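Inside the fold
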There are 2 protein chains.
Amino acid sequence: MAVLDTLGVTLAGATEDAPRILYDALELGQTRGPSLMLGSARRLGCLDAALVNGVSSHTLDFDNTSNTMAGHASAVMIPALIAAGEACGAGGRDVLLAHAVGFETGARFGHGLNFHHHEKGWHPTSTLGVFAVTAACARLLGLSPEQTANALGLSASLAAGIKANFGTMTKPLHAGQCARGGLMSALLSRKGFSANAQAFEHKQGFFNVFNGPGNFDAARIVESWGGPFDVTAPGAAYKLYACCAGAHAAIEAALMLVAKHGVFDPRSIERVNTWTPARRLPHTDRPRPNSALDAKFSVQYCVARALLDGKVVFEHFEGDAYREERVCGLLPRVHAAPHRPGQFAPDNNNGAVVEVTLADGSIQSAKVERALGRTAQNPIPLDQLRAKFENCASRVLGPKAVRAALHAIDRFEEVASIREFTALLETAV
Amino acid sequence: MAVLDTLGVTLAGATEDAPRILYDALELGQTRGPSLMLGSARRLGCLDAALVNGVSSHTLDFDNTSNTMAGHASAVMIPALIAAGEACGAGGRDVLLAHAVGFETGARFGHGLNFHHHEKGWHPTSTLGVFAVTAACARLLGLSPEQTANALGLSASLAAGIKANFGTMTKPLHAGQCARGGLMSALLSRKGFSANAQAFEHKQGFFNVFNGPGNFDAARIVESWGGPFDVTAPGAAYKLYACCAGAHAAIEAALMLVAKHGVFDPRSIERVNTWTPARRLPHTDRPRPNSALDAKFSVQYCVARALLDGKVVFEHFEGDAYREERVCGLLPRVHAAPHRPGQFAPDNNNGAVVEVTLADGSIQSAKVERALGRTAQNPIPLDQLRAKFENCASRVLGPKAVRAALHAIDRFEEVASIREFTALLETAV
């Protein structure tokens, strides 16, 4: 699932500005190596591939997250693992095991450091994600326990990324730098490059310097290991829609109405009420979005799209789509309010109610307790994830190549060679 | 001076383990580009060259520092500027101007953030140095003011490096990563890669996240700009000896005795007393060093070397040199004590007195208020810096090439092409 989801959004993201500028500015076209730059037929050195694919994987903000790590766990790991797997001749099973190791590592650091770490202004996708990538790559490259500890100590000196750069291309660059850094830590450590394996607990180490004395609990990082594994419960949060997760339950409620009623004619709608969690509204109450990015955070826009189009796809958040007259005309009648008392349990920070009043006075309403994909207990059905992959991958691959890729990902554990696997993803150009 | 000093220690550092492992582990041998890897005849992409040369420049810890930035300013800038200068066809004057811009930028950040930033556990060489490199490269590449602000905002997401990794190869890696990151920020920003130019003052920006509320003074960064320029006063601190700066004044005092007396026969010495600043002694009071690194921090070893050899060169801190019997035999008779009341002004944290009692009962004593090179007001004579360059560069270049390099550096402002200049530094291999 992580591979399916992450490769899809990376292929789609590869057409965006951020990876394109990176490729040009750093003159990656002048280099050669074993590792595919996704969305192209170019092969780069594994560190360059990890960097640019890492940027592609996160540039749409459509990739899965670890709630415990409070960041995008697979977007940083998959690019590094695929690039390294191509370089070292690994297979699909190796990548999956390494991903599980890294996911758990990132989550464990989250247990000891969050949410203070996140609230303070660090971007855990990169500042904790680098340990996930390092552990994952250490596993893939077969490092000894001592080398792995050394690699983690080394990557404590590479952790970087602040939230002040959210909303700019530098946010996905955090993911790319992290993918590159974690892989580099493992490669260097394997060859004996020294670091301090006690770089976390040291008085001028990661815990004290990044979180500050009293703001972390190192014991929680290692206690109750595997009870259960975080990748199983709560597991990653996956996105079906390329917009702020705070709007997903409302989108689903709107789609439930469409399933009963069919897509709505905007002229037939008198009023739309939405009730979503109060703590989400500062991000998502945007009655008139002024940009494509704004639209991603507008619950009004997202719900209008769902009601009028019967789907929410990433094309709705691109270019001038947010200006489409049909949708904008409806927006003044779409309202956003916080949960009413009794509507949801007090700790529900995800559920939504959408209520449509039609011109004829009839009212239709739907309620969603929790959007699909928020945890492993509430998973997105595989066929919907496959549809997401198809939608994403079709941006750069022809229908035949998309089918071949899907087929291979379905049997990813049996893939003997990542290098042969990625040959399926090479674009014609 | 910065070029002469930094290129020398980088050429010498290139033979050390850290850059060698980096080169192997990251398979830099498989890449090609315009920028020389110092200490070789290989040319790499400019980012790779900045990375590996940055590691070489700092691996001996023999390069200059900015007291205001509290870090190694030129070791991060020169590798990036030379590599970028080769790639973009710049000349010597461009590099010198860019270095001055970057030095000032790093120092300004120091005014607003130190010493809290340093004391907390950040390694300012990289966490503030990245702004020095970014500003320097922005100048070299001719970025507009807006692009420069964007580049600095971007590099706020690349700042990394904690002191817990001091004493390992990861410390010079901080310099290499910083050189690479600052250059990358400028390259990306030039092509329109977006960041938040307010990434410093933002509530989850660099000042708050790295130093914490109340622990910085943003106004001091821009006030009294150029009054005077930091590169003029206090200026950088240069090292004549490849060991802890806390031992330098004692070495000079010992060398003054040698200048009068000639090198000492260890059998003729009854006792050696040294008085150095109390706050240095926790680092430098190491009567019997147990490793080459230990020897760099042993004032006893350094003074013994100066008295017996009449010089202190970096070969004295390599391999098994610290075990040499002639020197070890003297060590039990060399004593380290803090300044006596009245010996120096209370705020003197640099001066030293060395007193040698000979077997015939005669006593020779010398006093140094401040080691050469601590500030621009007390500079190392140019011929001694040139001798340091020769000593360093001779590790990888023949005598003819060393002379040619010295000649070119003497006229560095007139160097028309950095690419032609570095051709002089290519090794025969």
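Residues numbered from 1 in each chain as written. Chains lettered and ligands numbered in written order. Predicted model: local features only at pLDDT ≥ 70, side-chain atom pairs only at ≥ 80, totals over all residues. Heavy atoms only, no water.

With that settled, consider the sheet that holds strand 6 (residues 334-338) of chain B. Residues and elements named next belong to chain B. Read across the open sheet, the 4 strands follow the order 6-5-7-8; overall the sheet is mixed. Two strands close off the open sheet at either side, each with one partner strand: strand 6 and strand 8 (363-368). Direction aside, the axes of adjacent strands within the sheet are offset by 15° on average. For strand 5 (residues 269-276) and strand 7 (residues 352-358), the ladder comprises 6 bridges, and the chain directions are antiparallel. Among the inter-strand pairings, W275 is bridged to a residue of strand 7, identified as V353. Of the strands in this sheet, strand 5, strand 7 and strand 8 touch helix 13 (residues 248-261), which is tilted by about 135° from strand 8. (Pairing = 2+ DSSP bridges. Helix = DSSP H or I, 4+ residues; strand = E, 2+ residues; numbered from the N terminus. Axes fitted to C-alpha atoms, helices over the stretch in contact; angles between N-to-C directions. Contact = heavy atoms within 4.5 Å.)

We now examine the relation of the copies chain B and chain A. You can overlay chain B on chain A at an RMSD of 0.2 Å; the transform is a turn of 180° with a shift of 0.1 Å along its axis. The symmetry that links the two subunits is that of a two-fold axis. Closest approach to the rotation axis within chain B is made by the C-alpha atom of A160 of chain B, at a distance of 2.6 Å. The fraction of interface residues of chain B whose copies in chain A are also interface residues reaches 98%, indicating that both copies meet through the same surface. (Least-squares fit on C-alpha atoms with pLDDT ≥ 70 in both.)

Next up on the list: the interface of chain B and chain A. Taken together, the contact pairs 48 residues of chain B with 47 residues of chain A. Both faces combined, the contact of chain B with chain A buries some 4100 Å², and carbon together with sulfur accounts for 64% of it. The tally of links from chain B across to chain A stands at 22 residue pairs in polar contact (both at pLDDT 80 or more). If you list the elements that add at least two residues to the side of chain B that touches chain A, you get helix 2 (17-25), helix 3 (46-58), helix 6 (116-120), helix 9 (145-155), helix 10 (170-190) and helix 11 (206-211) of chain B. Ranked by the residues each element gives to the side of chain B that touches chain A, the list is headed by helix 10 of chain B, at 8 residues. When grouped by side-chain class, the residues that make up the side of chain B that touches chain A number 26 nonpolar, 16 polar and 6 charged. (Buried area = accessible area lost by both parts, 1.4 Å probe. Polar contact = N/O pair within 3.5 Å; in protein donor to acceptor, adjacent residues only side chain to side chain. Nonpolar A, V, L, I, M, F, W, Y, C, P; charged D, E, K, R; others polar.)

What follows deals with the packing of helix 1 (residues 2-13) of chain A against helix 18 (residues 382-393) of chain A. Residue and element names in this part refer to chain A. Between helix 1 and helix 18, the least distance of the axes is 7 Å, while the angle of their chain directions is 20°. Overall, the two elements helix 1 and helix 18 adopt an arrangement that is roughly parallel. The hand of the helix 1/helix 18 crossing is left-handed. Between helix 1 and helix 18, the residues in contact are L4, D5, L7, G8, V9, L11 and A12 and L382, L385, R386, K388, F389, C392 and A393, respectively. Residues belonging to the contact of helix 1 with helix 18 are distributed by class as follows: 10 nonpolar, 1 polar and 3 charged. (Parallel < 35°, antiparallel > 145°, perpendicular 65-115°, else oblique. Left-handed = near helix turned anticlockwise from the far one by under 90°.)

Residues and elements named next belong to chain A. Spatial strand order, 6-5-7-8: 4 strands in an open sheet with mixed pairing. Of all strands in the sheet, those bounded by a partner on one side alone are strand 6 (334-338) and strand 8 (363-368). Pairwise comparison of adjacent strand axes, ignoring direction, gives a mean angle of 15° for this sheet. Here strand 7 (residues 352-358) runs beside strand 8; their pairing, made up of 6 bridges, is antiparallel. Within strand 8, the position partnered with T357 by the bridge is I363. Contacting strand 5 (269-276), strand 7 and strand 8, helix 13 (residues 248-261) crosses the sheet at an angle of about 135° to strand 8.

On to the pattern of salt bridges, then. It is possible for side chains bearing opposite charge to pair when their charged atoms get close. Residue and element names in this part refer to chain A. A complete count under the given rule lists 37 salt bridges over all chains for this structure. D294 is paired through a salt bridge with R286; the nearest N and O atoms lie 2.6 Å apart. With a closest N to O distance of 2.7 Å, D309 and R305 form a salt bridge. Residue D309 and its partner R305 are both found in helix 16 (residues 299-309); the two are separated by 4 residues, about one turn of the helix. Judged by relative accessible area, which is 2%, R305 ranks as buried. Among the charged side chains, a network of salt bridges with common partners joins R305, D309, E324 and R326. (Salt bridge = Lys/Arg side-chain N within 4 Å of Asp/Glu carboxyl O. Buried < 20%, exposed > 50% of the residue type's maximum accessible area, 1.4 Å probe, protein only.)

Burial of the side chains of strand 8 of chain A is restricted to one face: Q364, A366 and V368 of chain A are buried, whereas none of I363, S365 and K367 of chain A on the reverse face is. In textbook terms, the turn of a hairpin is the stretch between consecutive antiparallel strands, and for strand 7 of chain A and strand 8 of chain A this stretch comprises 4 residues, one of which, G361 of chain A, has a positive phi near 90°.

What follows deals with the environment of H72 of chain B. Residue and element names in this part refer to chain B. Turning to its location among the elements, H72 is positioned in the loop between strand 3 (65-66) and helix 4 (73-88). The class for H72 is buried, based on a relative accessible area of 8%. Taking C-alpha positions, H72 is 9.7 Å from S57, a pair spaced 15 residues apart along the chain. For H72, the residues in contact, after removing those within four places along its chain, are H58, D61, D63, N64, T65, T125 and K171. Polar side-chain contacts of H72 include one of 2.7 Å to the side chain of D63.

Turning our attention to the domain arrangement of chain A. Residues and elements named next belong to chain A. According to the domain assignment, chain A contains domain 1 (2-239 + 377-423) and domain 2 (245-368). The C-alpha-based centres of domain 1 and domain 2 are spaced at 32 Å. It is K239, N391 and R395 that lose the most area in domain 1 upon contact with domain 2, and together they represent 59% of the buried surface on that side. Across the salt bridge formed by E318 and R395, the nearest N and O atoms sit 2.3 Å from each other. On the surface where domain 1 and domain 2 come into contact, there are 2 residue pairs in polar contact (both at pLDDT 80 or more). Residue composition of the side of domain 1 that touches domain 2, by class: 4 nonpolar, 2 polar and 3 charged. (Domains from an automatic or database assignment.)

A few words on the nonpolar core. Within the largest apolar cluster, 286 residues are counted, with the highest numbers of intra-cluster contacts made by F206 and F389 of chain A together with F206 and F389 of chain B. Among all residues touching F389 of chain A, those that are not within four sequence positions of it are L4, L7, G8, L11, S394, V402, A405, L406 and I409 of chain A. (Core = buried A, V, L, I, M, F, W, Y, C linked by side-chain atoms within 4.5 Å.)

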